[in-house]
Amino acid sequence: MSATVPRNFRLLEELENGEKGLGAETCSYGLENGDDLLMSDWNGTILGPPHSVHENRIYTLKIHCGPQYPDVPPEISFISKINLPCVDQRNGKVDASKLPCLVQWKREFTMETILSELRRYMALPQHKKLPQPAEGATYD
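Here the residue numbers are simple positions, counted from 1 along each chain's written sequence. Given that this is a predicted model, residues contribute local features only at a pLDDT of at least 70 and side-chain atom pairs are listed and counted only at 80 or more, while totals for whole chains, interfaces and linings are drawn from all residues. Hydrogens and water are ignored here; the side-chain numbers use all heavy atoms of the structure.

- The protein is annotated in an unreviewed UniProt entry as UBC-like protein of Mytilinidion resinicola.

Examining the pattern of salt bridges
At step 1: When a carboxyl oxygen of Asp or Glu lies within 4 Å of a side-chain nitrogen of Lys or Arg, that pair is called a salt bridge. Following the criterion strictly, the structure yields five salt bridges and no others.
At step 2: Between arginine 10 and glutamate 14 there is a salt bridge, and its shortest N-O distance comes to 3.1 Å. You can see arginine 10 and its partner glutamate 14 sitting in helix α1 (residues 7-20), four residues apart, about one turn around the helix. Grouping residues by exposure puts arginine 10 and glutamate 14 together as buried. Counting from the N terminus, the helices are the DSSP runs of H or I reaching at least four residues and the strands are the DSSP runs of E reaching at least two. The cut-offs for exposure are 20% and 50% of the maximum accessible area for each residue type, with area from a 1.4 Å probe on protein chains only; residues under the lower value are buried, those over the upper are exposed, and the others partly exposed.

Topic: the side chain of arginine 119
At step 1: Position of arginine 119 relative to the elements: it lies in helix α3 (residues 111-123).
At step 2: Charge counting treats Lys and Arg as positive and Asp and Glu as negative, with His and both chain ends excluded. One buried charged residue, arginine 119, forms no salt bridge at all, with the nearest opposite charge on glutamate 55 at 8.3 Å.
At step 3: Any pair of residues with heavy atoms lying within 4.5 Å of one another is described as a contacting pair. Discounting chain neighbours no more than four positions away, the residues touching arginine 119 are Thr26, Cys27, Ile46, Leu47, Gly48, Pro49 and Pro50.

Concerning the packing of aromatic side chains
At step 1: Each aromatic pair joins two rings of Phe, Tyr and Trp (for Trp, the six-membered one) with centres within 6.5 Å, and gets the label stacked for planes under 30 degrees apart, edge-to-face for over 60, and tilted for any other angle. A complete count under the given rule lists four aromatic pairs for this structure.
At step 2: Relative to tryptophan 42, the ring of tyrosine 29 lies with its centre 6.4 Å away and its plane at 50°, an arrangement referred to as tilted. Pair noted here: tyrosine 29 is in strand β1 (residues 27-31) and tryptophan 42 is in strand β2 (residues 41-47), with a separation of 13 residues, a long-range link.
At step 3: The exposure class of tyrosine 29 is buried, given its relative accessible area of 9%.
At step 4: Here tyrosine 69 and tryptophan 105 contribute two aromatic rings whose centre-to-centre distance is 6.2 Å and whose plane-to-plane angle is 45°, an arrangement assigned as tilted. With tyrosine 69 in the loop between β3 (58-64) and β4 (75-78) and tryptophan 105 in the loop between α2 (100-103) and α3, this residue pair connects regions lying 36 residues apart in the sequence.

So, in structure tokens, the structure goes:
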């Protein structure tokens, strides 16, 4: 049986990967505040997928890793306005029951997993042509 990696070690590893750009080139993430010792609040960025209404758009998100992360998925909210079935149009919050990687959350999944999954979700045939808010619009 393998040992369970403690939350802070896991988040330090994710921070290192995010800062060094070791993951997907189409997504990035990092701590919102470098002084956040609990490493709870993060910023994320997704480059819109090509051949879709999202192409050439940059979407920014907030990621909150609670005390139970990575056993429990983080809370994700878009800062940039976006029209997707998994996003609450009032506040930008991602509905965990509508995004496959959050529904089937595994401890091995990371913030990068979620950002990459959201990008794939944008590119799905039923989502890639949905009318979008004006570029640069944000949730209050």
